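Below are the chains, spelled out letter by letter.
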Amino acid sequence: MNVLRLGFENFRNLCPGEIFPGETINVIHGSNAQGKTNLLEAIWLFTGGHSFRGTKDSELPVLKDGKNAPAASLSMTLFTEGREQELRLELRDGRRSSVINGVEKKTGSALVGKFCAVIFSPEHLLLVKEGPSRRRAFLDGALCQSRPAFTRVLAHYNKALMQRNALLKDIPRHPELIDTLDVWDERLILFGTEVVQERAAFCKDLEPRAAEIYRGIAKNREEITLSYAPFGGAETKTEIAERFSEALKNARNADARAGFTSVGPHRDDLTLTIDGLSARTFGSQGQQRSIVLALKLAEADILYRKTGERPVILLDDVMSELDMSRRDYLLNHLDGRQVFITCCDPETVRLMETGRGFYVEKGTVRQDTDEKAGEVHAENETPTCESE
Ligand SMILES: Nc1ncnc2c1ncn2[C@@H]1O[C@H](COP(=O)(O)OP(=O)(O)OP(=O)(O)O)[C@@H](O)[C@H]1O
Ligand SMILES: [Mg+2]
């Protein structure tokens, strides 16, 4: 899918306007705090997801004199399913509404599945820098997008886990309750086995794609591996269920003392290595950035295979800490994908062989005059929005 046009009004600091992105690379450049990430966020909101910066919907309309404007309005012309489609998203008093091809919808969630994008923002570096929960969230998030049935399985697992944990907390006061744990163990094993199997299958799909993309980014100088192998790498449903059941039994007394469940897919990790060493412990800044990028781009490829539509790639502030050859890969070798990249350095635009540049200043967005070389707008052009 391709964004052909994006319109914005009363959204964060962006002056009312529209842009016409190209089919390949679109570089959004400008100094700090001018509105580059805001523009990317405006595109992202059409996925139906929350702001990737964790901002509440009520805080997204423009603030004037410390107060929110009545509503933020975003519009998009999208080429998808073989035709042009018109999407509109309105944010008013913290509530969303949408219009899809002229048909009004009461909710913003009606957009889910219409527009598909993968986002990399600096916060995503935590995926490699922090503990296992970030990596589980990446796997589960990607699975929920590509296999909606997984969302239900995961919800059932989490509910059973919460109920088992509640019971474990009651056991010190009511020791007789320990026998009722069997019921929750059964449910944990039933849904947990499915969670493990789905994650393992997804990782098997993801690894060769991510490894190939990483080789491209690192110009074949480094190799990465991904490994998700809970319960000693058990593969079949029966094997996983047996080992999970055994682990729960072995941990039962300790769990009852601690008041929570210490084994299961909610404790799993996805191990990432670069040239055989843990990416988390030994990876350099550039390597950690590159591996997260490879995972995100591979996720987009898997979504494409499953849905037949290429998700739009949104890369916020990805260039810093990357050397010239890694920047060159992102700018010139992501063939066939529509990509939006924000950066501060206008030189980046000149590295791009084909594509469009957009210059953002005080919320005003202008397309660069020269499509190929990314000729930057003359500095003496003053944007109008701020002086309104
Ligand atoms: N609801 C809002 N109303 C008005 N201004 C807002 C609102 N939300 C954010 N802003 C302003 O938008 C400005 C630009 O934000 P943005 O994050 O897009 O900058 P940026 O160009 O990506 O900068 P950087 O290069 O530092 O990442 C900030 O100064 C911020 O105060
Ligand atoms: Mg930014």
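Going by the annotation in an unreviewed UniProt entry, the name recorded for the protein is DNA replication and repair protein RecF, with Hominenteromicrobium mulieris given as the source organism. Quoted verbatim from the Sequence similarities (unreviewed entry) field of UniProt, the annotation for the protein is "Belongs to the RecF family." Note on the protein: under the UniProt heading Subcellular location (unreviewed entry), the record states "Cytoplasm".

As recorded in UniProt, the sites labelled "domain: RecF/RecN/SMC N-terminal" (unreviewed entry) are residues 5–363. For residues 5–363, the end-to-end C-alpha separation is 17 Å, with 43% helix and 21% strand making up the annotated structure.

A few words on the environment of Ala251. Tracing the chain through its elements places Ala251 in helix H7 (residues 237–258). Since its relative accessible area comes to 9%, Ala251 is described here as buried. Excluding its chain neighbours within four sequence positions, the residues that come into contact with Ala251 are Ser262 and Val263.

With that settled, the discussion passes to the sheet that holds strand S13 (residues 277–278). The three strands lie next to each other as S11-S12-S13, forming an open sheet whose pairing is antiparallel. Edge positions in the sheet fall to strand S11 (224–227) and S13, since each of these pairs with one other strand and no more. Looking at chain direction, strand S12 (residues 271–274) and S13 are connected through two bridges and run antiparallel. Residue pairing across strands places Ile274 opposite Leu277, the latter belonging to S13. In the packing of helix H5 (residues 181–217) onto the sheet, contacts are made with S11 and S12, and the angle to S11 comes to roughly 160°.

Cut-offs applied
- Residues numbered from 1 in each chain as written.
- Chains lettered and ligands numbered in written order.
- Predicted model: local features only at pLDDT ≥ 70, side-chain atom pairs only at ≥ 80, totals over all residues.
- Heavy atoms only, no water.
- UniProt positions renumbered as here; feature names shortened; annotations may be inferred.
- Helix = DSSP H or I, 4+ residues; strand = E, 2+ residues; numbered from the N terminus.
- Buried < 20%, exposed > 50% of the residue type's maximum accessible area, 1.4 Å probe, protein only.
- Contact = heavy atoms within 4.5 Å.
- Pairing = 2+ DSSP bridges.
- Axes fitted to C-alpha atoms, helices over the stretch in contact; angles between N-to-C directions.

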